[in-house]
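# Results of the structural survey
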Amino acid sequence: MKIKIITDAASDIPNEFIKQNNIIVLPVEITFNDTSYLDGVNITKNEFYEKLIDCKQLPKTSLINSTRWQEVFEAQSADTTYLVMPMSKELSGSYNSAKMALEEMGNPSNFILFDLNQITIAQGAIIMETVKLINNYSNLEQIVNGVNNLINKCVLLAYVDDLKYLKMGGRLNTTTAFIGGMLNIKPIITIKDGKVDVVTKAMGTSKACKTIISLFLKNRDENMPIYFGRAYYEKPLEEFKSVCKACFKLSGNETTLTIGATVGTHVGPGAVGIVYFKK
């Protein structure tokens, strides 16, 4: 039984992993002013953040439309089962576009569409764990059940280092952003029911790290791996890992993913997060 994964660039899976596992990734379009790029095709994550740091207006990201999804679907082989895993339908229209494309094709039985209820490094973590399921099981029902279990148990926690980008995107007013910046407030976010949700706020990086770890330790399944994530800057992740090591044992084999343009536009270059699977 042949099984392949189709996803979008919002999953932020490393290029090497994509190549090793023959994953099909549809790029997301990013527009700075009047210039458009395809995420991971003609702009790297580092290049994106370099432009973001200098921009006076946030870039815009465009959903992958149904025509593009259908083109990709129709190019695939009939003797392979495809697990279609776009970003959360609550955060983008890409899921519904993929659904429309499959409906236009008569809902072929070899395509299984999932709403992961996640985005960026959490979406990527689910997909990377799905590859393990594909490699370990030959029964499609077991794999699908395993994916749904991953979706139900996946948790993303991250802190926003610089409120500038939330302000630029209209998610914070100027006064709130100014006061928050003066007090060194770090919003701690998660994805709840497919949407971004602020769990709490912490004053300063150290407190933000400790708060995330406290939440993490409450319900983590220790038999499942954890994933770290960072935006552009490496130092915040190093500091976060240092606090982690003081609170619990790391295996040393944790995967680190880079937060890409779809989420990076709003959280900025200093964001740091962790993804785990709850009990």
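## Examining the overall build of the chain
Within the chain, the secondary structure is distributed over eleven helices and 13 strands. Rg of the C-alpha trace for the chain: 19 Å, near the compact-globule value of 19 Å for 279 residues, within the 12% margin. Across its three principal axes, the chain shows a C-alpha extent of roughly 60 × 45 × 30 Å. Sequence separation of at least 24 residues holds for 75% of the intrachain contacts in the chain that already meet a minimum separation of 6. Total accessible area on the chain is roughly 13600 Å²; 45% of this is exposed by carbon and sulfur atoms. In the chain, 30 side chains carry a positive charge and 28 a negative one; their mean positions are 7 Å apart.

## Section: the sheet that holds strand S6 (residues 80–85)
Pairing is parallel across the open sheet formed by four strands, whose spatial order is S2-S1-S6-S7. What marks the edges here is a single partner per strand, and that holds for strand S2 (24–26) and strand S7 (111–113). Each strand of the sheet is rotated relative to its neighbour by a mean of 20°, with strand direction disregarded. In terms of strand pairing, strand S1 (residues 2–8) meets S2 through three bridges, oriented parallel. Paired with Asp8 across the strands is Leu26, a residue of S2. Where helix H6 (residues 140–153) meets the sheet, its contacts fall on S1, S6 and S7, and the angle it forms with S6 comes to roughly 5°.

## Details of helix H5 (residues 120–136)
Taking 1.5 Å per residue as the helical rise, H5 with its 17 residues ought to reach 24 Å, and the 25 Å between its terminal C-alpha atoms agrees with that figure. Across the 17 residues that make up H5, a large majority, 13, are buried.

## Here we look at the environment of Thr265
For Thr265, the location among the structural elements is in helix H11 (residues 261–267). Each C-alpha atom of the pair Thr265 and Ile43 lies 14 Å from the other, and the pair is 222 residues apart in sequence. Filtering out sequence-adjacent residues up to four positions away, Thr265 remains in contact with Phe48, Leu52, Leu58, Pro59, Thr61, Tyr165 and Gly260.

## Quick notes on the pattern of salt bridges
Side chains bearing opposite charge may pair, as long as their charged atoms lie close to each other. Overall, the coordinates contain six salt bridges when judged by the stated rule. Among the ionic pairs, Lys2 bridges to Asp79, the shortest N-O distance being 3.6 Å. Placement of Lys2 in strand S1 and of Asp79 in the loop between helix H3 (66–74) and S6 is noted, with a sequence separation of 77 residues between them. The two residues Lys2 and Asp79 agree in class, both being exposed.

## A short note on the sheet that holds strand S4 (residues 35–38)
With antiparallel pairing, the three strands of this open sheet are ordered in space as S4-S3-S5. At either margin of the open sheet sits one strand with a lone partner, and together these are S4 and strand S5 (60–62). For this sheet, the mean angle separating the axes of adjacent strands, direction not counted, is 25°. Strand direction decides the pairing type here: strand S3 (residues 29–32) and S5, joined by three bridges, are antiparallel. Within the sheet, the bridge partner assigned to Thr31 lies in S5 and is Lys60.

## Description of the nonpolar core
Taken as a class, soluble globular proteins show a tendency for nonpolar side chains to be buried jointly. Of all hydrophobic cores here, the largest spans 69 residues; its most connected members are Ile6, Trp69, Phe73 and Met85. No other element matches the eight residues that H5 contributes to this core. Dropping the residues within four chain positions of it, Ile6 is found in contact with Ile24, Leu26, Trp69, Val72, Phe73, Gln76, Tyr82, Leu83, Val84, Met85 and Phe111. Val155, Phe216, Val243 and Tyr276 belong to the second largest nonpolar core, which has 21 residues in total.

## Considering the packing of aromatic side chains
Within the structure shown, the criterion is met by eleven aromatic pairs. A centroid spacing of 5.0 Å and a plane angle of 90° characterise the contact between Phe216 and Tyr276, whose relative ring orientation is edge-to-face. Placement of the pair is Phe216 in helix H9 (residues 205–219) and Tyr276 in strand S13 (residues 272–277), with a sequence separation of 60 residues. Considered together, Phe216 and Tyr276 belong to a single accessibility category, that of buried residues. Between the aromatic rings of Tyr232 and Tyr233, the centroid separation amounts to 5.4 Å while the plane-to-plane angle is 50°, which identifies the pairing as tilted. Classification of Tyr233 as partly exposed rests on a relative accessible area of 37%.

Quick notes on the rules
Residues numbered from 1 in each chain as written. Predicted model: local features only at pLDDT ≥ 70, side-chain atom pairs only at ≥ 80, totals over all residues. Heavy atoms only, no water. Helix = DSSP H or I, 4+ residues; strand = E, 2+ residues; numbered from the N terminus. Rg over C-alpha atoms; globule rule 2.2 N^0.38 Å. Contact = heavy atoms within 4.5 Å. Areas by Shrake-Rupley, 256 points an atom, 1.4 Å probe, with all protein chains shown as cover. Lys, Arg positive; Asp, Glu negative; His and termini not counted. Charge placed at Lys NZ, Arg CZ, Asp CG, Glu CD. Pairing = 2+ DSSP bridges. Axes fitted to C-alpha atoms, helices over the stretch in contact; angles between N-to-C directions. Expected span 1.5 Å × (residues − 1). Buried < 20%, exposed > 50% of the residue type's maximum accessible area, 1.4 Å probe, protein only. Salt bridge = Lys/Arg side-chain N within 4 Å of Asp/Glu carboxyl O. Core = buried A, V, L, I, M, F, W, Y, C linked by side-chain atoms within 4.5 Å. Phe/Tyr/Trp six-rings, centres within 6.5 Å; stacked < 30°, edge-to-face > 60°.

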